[in-house]
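Inside the fold
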4 protein chains.
Amino acid sequence: MQLGMIGLGRMGGNIVRRLLGAGHTAVVYDQNPQAVAALVEAGATGADSLEDLVGKLAVPRAAWVMLPAGEITEATVQRLGGLMQADDVIIDGGNSFYKDDLRRAAELRERQIHYVDVGTSGGVWGLERGYCMMIGGDTAAVDRLDPIFATLAPGLGDVPRTPGRDSRDPRAERGYIHAGPSGAGHFVKMVHNGIEYGLMQAYAEGFDILKHANSKDLPEGQRFDLNIGDIAEVWRRGSVVSSWLLDLTAQALAGDEQLDDFSGFVADSGEGRWTLNAAIEESVPANVLSAALYARFRSREHASFADKLLSAMRKGFGGHVEPQ
Amino acid sequence: MQLGMIGLGRMGGNIVRRLLGAGHTAVVYDQNPQAVAALVEAGATGADSLEDLVGKLAVPRAAWVMLPAGEITEATVQRLGGLMQADDVIIDGGNSFYKDDLRRAAELRERQIHYVDVGTSGGVWGLERGYCMMIGGDTAAVDRLDPIFATLAPGLGDVPRTPGRDSRDPRAERGYIHAGPSGAGHFVKMVHNGIEYGLMQAYAEGFDILKHANSKDLPEGQRFDLNIGDIAEVWRRGSVVSSWLLDLTAQALAGDEQLDDFSGFVADSGEGRWTLNAAIEESVPANVLSAALYARFRSREHASFADKLLSAMRKGFGGHVEPQ
Amino acid sequence: MQLGMIGLGRMGGNIVRRLLGAGHTAVVYDQNPQAVAALVEAGATGADSLEDLVGKLAVPRAAWVMLPAGEITEATVQRLGGLMQADDVIIDGGNSFYKDDLRRAAELRERQIHYVDVGTSGGVWGLERGYCMMIGGDTAAVDRLDPIFATLAPGLGDVPRTPGRDSRDPRAERGYIHAGPSGAGHFVKMVHNGIEYGLMQAYAEGFDILKHANSKDLPEGQRFDLNIGDIAEVWRRGSVVSSWLLDLTAQALAGDEQLDDFSGFVADSGEGRWTLNAAIEESVPANVLSAALYARFRSREHASFADKLLSAMRKGFGGHVEPQ
Amino acid sequence: MQLGMIGLGRMGGNIVRRLLGAGHTAVVYDQNPQAVAALVEAGATGADSLEDLVGKLAVPRAAWVMLPAGEITEATVQRLGGLMQADDVIIDGGNSFYKDDLRRAAELRERQIHYVDVGTSGGVWGLERGYCMMIGGDTAAVDRLDPIFATLAPGLGDVPRTPGRDSRDPRAERGYIHAGPSGAGHFVKMVHNGIEYGLMQAYAEGFDILKHANSKDLPEGQRFDLNIGDIAEVWRRGSVVSSWLLDLTAQALAGDEQLDDFSGFVADSGEGRWTLNAAIEESVPANVLSAALYARFRSREHASFADKLLSAMRKGFGGHVEPQ
């Protein structure tokens, strides 16, 4: 089927390529004409404006917005909403905040335009492995788009099937789900990323402990010089902690066991924060997910005010002067 | 080659079976004669005492102790030490504390007996998938036992190989490593389990947030009824959080999405605790691994004294009476 | 000077009494006529509706809303806004969310009505000890109300003065501050409560450790039967951890060292949650404040879904069946 | 009564001065003859060796060791044990690990020498305010030393008395307790310090959030420039978070609100670590106390390996390059 794509960065471009490769058609637009040209060469129809794109799409239209979450996505959805008509579908495939989805869906519903939010995991590997998708929206729209989703998803692949799922929705094991009404897709993707932060931090702390097993803080007879690259590799084989993130860790450590190319500064995107906000709203304890996010905040600070205040108190009650 | 096995529970028994299946021979002993008989039927030589087992092993001997960590392992290693002689090897394949390994190795070294500690991951799946092994001990002993380890390990299997490891120790990608001197094997296994706790808790918190997405604490328009079994399943396909623990989660949720068979009580074994002790000794921050362990402690309490004290303070300063 | 008071619960009623005792006058209103009558007897002027209260106040008016944060405060501020006129002041002395203050102040500013938010700490003890107040609003309005604040505040009392504050704002050491524009008062009060949760949890955990010093988990020679009531008391004298919360703890433990009257269920009000939301917005790590809030969430659950999921995974990879 | 004092640093010297001032006598020893001379001038009897000190003490002797915890305290206690005789008392007033007390007490008990451990809080303020003391040891020895403890303790002072303590041990409200057998004193002091870390970190995080209330991460209309020195001061008056640590915070911020003299590096002594080890041994959740310790560990690192590993994974799955 035909899909319009707005935003031809790494994600948007690869999604179009995967669709074209499976026989779908696409009308594409990006602020950068070279990005459009590259996909026209790959078989897509180019558009030089949002209006042009909408005009070139057959009704009922389906237009996928694949832009950075925030102002530009908001503005684009708003403009598209003005250009499209009843029964068309606008898809936001970025990492929008699910409460923005709720609002947009309500606004567009008044004009009978469908709004579908798609949380997508798979990053740079999606073109090859397929995209794991969590979808929110009304059933009619999500079902209509099924050929698109089925193509983008990884499919069964060689992942062993989970026993006992025979009577369950078969889409899940093909790599996409219809999670619920608008907002549900990004909500699930948000929690996915929250978990991702927690998993990453668990590995990071564990490897840090291994790395410091020869610390001078330890008594001499209790130190080990561990080869953490080999440890990451061996855990990939039959251990309880095997995972894709561990595969990536093993790859990184095979390249440089000291990880000297990295400054220690770790960015975070919004989903980890929103996950905590959701936990707080729901009264669900989330110590691990919080600690994982805070570790990233802390990584970006040097000499935090909090730490200085600790030293000030220590000086006050004990006359302690910090050694450094 | 020939191996003596003391302790024929699920782990010890399956290790012997995997060895016999590959053409090795085994002398086996267990307090329970039926456990011995079962393995004799499978091709092992039975022993009716430690002394008998030692007597039936060819020198230099290799005897693997596969018993619950703690007193019984300690006593067995001590008794074996008294029975064996220079150049023999005692292997502790359980989950002993690495500082016990350091002590035992030093004691046995005085009598020229080798002590090898093997941390093993893979649990009930090891017979089929192979055992992921982290090994500590002197090189001569570990190398002599290589045929045993090579058989027990999962091997390359169909796990994609990590690029850039050509010049690295090939044992790691076959599923076992020689981590360092005695104690290093159990140290690495200990941290493995610490990470395992952290990973598990990250999933647990995330799924708890998903489960509570329809909480009455939330405004009505912001609730979702999510199918968390489908979510676990879809994340197995191409998402960043895919892992073996997620596979197991998907299996459990496919069986019963409410998990009503579980009481909420969660046990912990020693490794999670020792990992934190090690982090503290090394001055390494470990908020995630700590929170994961504490969640298990908390799961086993009802109406904790800490919580009562909070209420007592709240009553003191604000006259607050708790609603329940 | 004259103050209107809406809401004559424990806080509102005591504030009026403290003002009347110092020679100020008050017009008071509450949905409950008996509450009004009680304060009329104490010297206040009663009103039987918001309109009546506004009518009885001399211009420029000052009306203090002392109601539970949320819908009722919002509705009352809105109605008052409609009744009052340019240069009047509306004070919200409850625990409103500071972003609600920002919005209300902007709305009222269009009609030249001042909006002042007052975060108040001191609870049931305020009538006697005075109220610690954190005030947000424009300077003209806050300065005009100074006689009220000066009376309500604890004053210098017998608290030792902080050296080096001679050139600083003298209001702080009398127990009130003008923290900034509208919203700043509740923002500071919010963080105050966030800290309060953290302090409480630090004591709770510490006393829990003392309480469990005779745990059967410990080796026999390492157990202590500690008198935690005496410990709380002794720490009040010259120790680094002395505080008002510790005073309250000592009082509670002097009454019942087991705290058997408390169920273990611990409520939380919004401020702890909002503090974390603010930390997350500001990218400030807040592990302690988060853990304190989550402990309260956890206190209200029995057999959490997160814990059940841990058990499900443990069963999956290790065949573990929880002991209970 | 007479006390021997070994170690005349700030703590030991001031303890002797406080005792002399109340009419007690002291025999004093320090490796540094000038420290001895200074106290001889204040009225003490000097000793030029441990042997000399022991010889100058009347039987049954009481000798207080006030040295840094660790090797030097251990060696001194051992040497004293060899010099003293049945019914003498050795007091360790430092911050020893309580398991060392258990061992030492057992060793000395064989020779009928009493061992008393005294945890002391009050630091540089003790000479003036008195020392808060937590004492472990057998009752006969602790009772014999009561005149010493009564003098050193702060006494009732002007701290309001806790209602309901009439039938309780009166020593607690005079500032010292007999916590239990040997080890109990240092155990209680250890948890005291664990709590201290938690309280400090709660304030540190809260003030950090206040400090960042004008962060550029926040939307423009939601920023506040807060005077955190005034906030610390106002909270000292009638608020729930008032404490001695807050007094010290207010003093530090009155001097320099930026705390620019502090590097951000925060040391920790052993007690915070031992408190966590105890919590882990007892299976008591201690998220706040752990987070407080880990924050100090983290303050001493720059570009942690854990953080680098997070970046390595992010690069692996998303091609993310950290902005800095």
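Residues numbered from 1 in each chain as written. Chains lettered and ligands numbered in written order. Predicted model: local features only at pLDDT ≥ 70, side-chain atom pairs only at ≥ 80, totals over all residues. Heavy atoms only, no water.

For chain A, the name recorded in an unreviewed UniProt entry is 6-phosphogluconate dehydrogenase, with Methylobacterium oxalidis as its organism. Listed in UniProt under the heading Pathway (unreviewed entry), the comment for chain A reads: "Carbohydrate degradation; pentose phosphate pathway." Here is the UniProt Sequence similarities (unreviewed entry) comment for chain A, exactly as written: "Belongs to the 6-phosphogluconate dehydrogenase family." (UniProt positions renumbered as here; feature names shortened; annotations may be inferred.)

Residue and element names in this part refer to chain D. When the terminal C-alpha atoms of helix α1 (residues 10-21) are compared, their 16 Å separation across 12 residues agrees well with the 16 Å that a helix rising 1.5 Å per residue should span. Buried within α1 are the following residues: G12, G13, N14, I15, V16, R18, L19 and L20. Along its buried surface, α1 packs onto β1 (2-6), β2 (25-29), α2 (33-41), β4 (62-65), α6 (126-129) and α8 (146-152). With its phi angle positive at about 95°, G23 sits one or two positions after the end of α1. (Helix = DSSP H or I, 4+ residues; strand = E, 2+ residues; numbered from the N terminus. Expected span 1.5 Å × (residues − 1). Buried < 20%, exposed > 50% of the residue type's maximum accessible area, 1.4 Å probe, protein only. Contact = heavy atoms within 4.5 Å.)

UniProt's feature table lists "domain: 6-phosphogluconate dehydrogenase C-terminal" (unreviewed entry) at residues 185-320 of chain A, given in the numbering used throughout. End C-alpha atoms of residues 185-320 of chain A are separated by 53 Å, and the span's content is 64% helix alongside 0% strand.

When the terminal C-alpha atoms of helix α13 (residues 270-282) of chain D are compared, their 18 Å separation across 13 residues agrees well with the 18 Å that a helix rising 1.5 Å per residue should span. Every buried residue of α13 of chain D is listed here: E271, G272, R273, T275, L276, A278, A279, I280 and E282 of chain D. Residues of α13 of chain D that are buried sit in contact with α13 (270-282) and α14 (287-299) of chain B, α10 (184-211) of chain C together with α5 (98-109), α10 (184-211) and α14 (287-299) of chain D. Downstream of α13 of chain D by a residue or two, S283 of chain D has a phi angle that is positive, lying close to 60°.

Residue and element names in this part refer to chain A. As far as domains go, chain A holds domain 1 (2-182) and domain 2 (189-303). Computed from C-alpha atoms alone, the centre-to-centre distance between domain 1 and domain 2 is 32 Å. Summing both partners gives a buried area of about 920 Å² for domain 1 against domain 2, and 62% of it is carried by carbon and sulfur. Area buried by domain 1 at its contact with domain 2 is led by N95, F97 and W125, which between them contribute 43% of it. Counting across the domain 1 and domain 2 interface gives 1 salt bridge. With its nearest N and O atoms 3.1 Å apart, the salt bridge here joins E281 to K99. Taken together, domain 1 and domain 2 are joined by 5 residue pairs in polar contact (both at pLDDT 80 or more). Of all the elements, strand β6 (residues 114-121) adds the most residues to the side of domain 1 that touches domain 2, at 3 residues. Broken down by class, the residue content of the side of domain 1 that touches domain 2 amounts to 4 nonpolar, 5 polar and 2 charged. (Domains from an automatic or database assignment. Buried area = accessible area lost by both parts, 1.4 Å probe. Salt bridge = Lys/Arg side-chain N within 4 Å of Asp/Glu carboxyl O. Polar contact = N/O pair within 3.5 Å; in protein donor to acceptor, adjacent residues only side chain to side chain. Nonpolar A, V, L, I, M, F, W, Y, C, P; charged D, E, K, R; others polar.)

Every contact between the two is made by 95 residues of chain A and, on the other side, 95 residues of chain B. Here chain A and chain B share an interface that buries about 7,600 Å² over both sides, 66% of which is from carbon and sulfur atoms. Along the contact surface separating chain A from chain B lie 6 salt bridges. We note a salt bridge from R168 of chain B to E257 of chain A, for which the minimum N-O separation is 3.5 Å. At the junction of chain A with chain B, the criterion picks out 34 residue pairs in polar contact (both at pLDDT 80 or more). The greatest single-element share of the side of chain A that touches chain B, amounting to 18 residues, is contributed by helix α10 (residues 184-211) of chain A.

This paragraph deals with the relation of the copies chain A and chain B. Two chain copies, one operation linking them: a rotation about an axis together with a shift along it. Turning chain A through 180° and shifting it by 0.0 Å along the axis lays it on chain B, with an RMSD of 0.0 Å. These values place the two chain copies in the arrangement generated by a two-fold rotation axis. The rotation axis passes nearest to the C-alpha of S243 of chain A in chain A, at a distance of 1.9 Å. A share of 100% of interface residues in chain A that are also interface residues in chain B marks the association as one of identical surfaces. (Least-squares fit on C-alpha atoms with pLDDT ≥ 70 in both.)

This next bit is on the sheet that holds strand β3 (residues 45-46) of chain D. Residues and elements named next belong to chain D. An order of β3-β2-β1-β4-β5-β6-β7-β8 is seen for the 8 strands of this open sheet, with the pairing classed as mixed. At either margin of the open sheet sits one strand with a lone partner, and together these are β3 and β8 (176-180). Pairing between strand β6 (residues 114-121) and strand β7 (residues 132-136): 5 bridges, direction antiparallel. Paired with V118 across the two strands is I135, which belongs to β7. Along the sheet, α5 contacts β5 (89-92) and β6; its crossing angle with β6, the most-contacted strand, is approximately 155°. α10 contacts β5, β6, β7 and β8 of the sheet and is inclined by roughly 20° relative to β6. (Pairing = 2+ DSSP bridges. Axes fitted to C-alpha atoms, helices over the stretch in contact; angles between N-to-C directions.)

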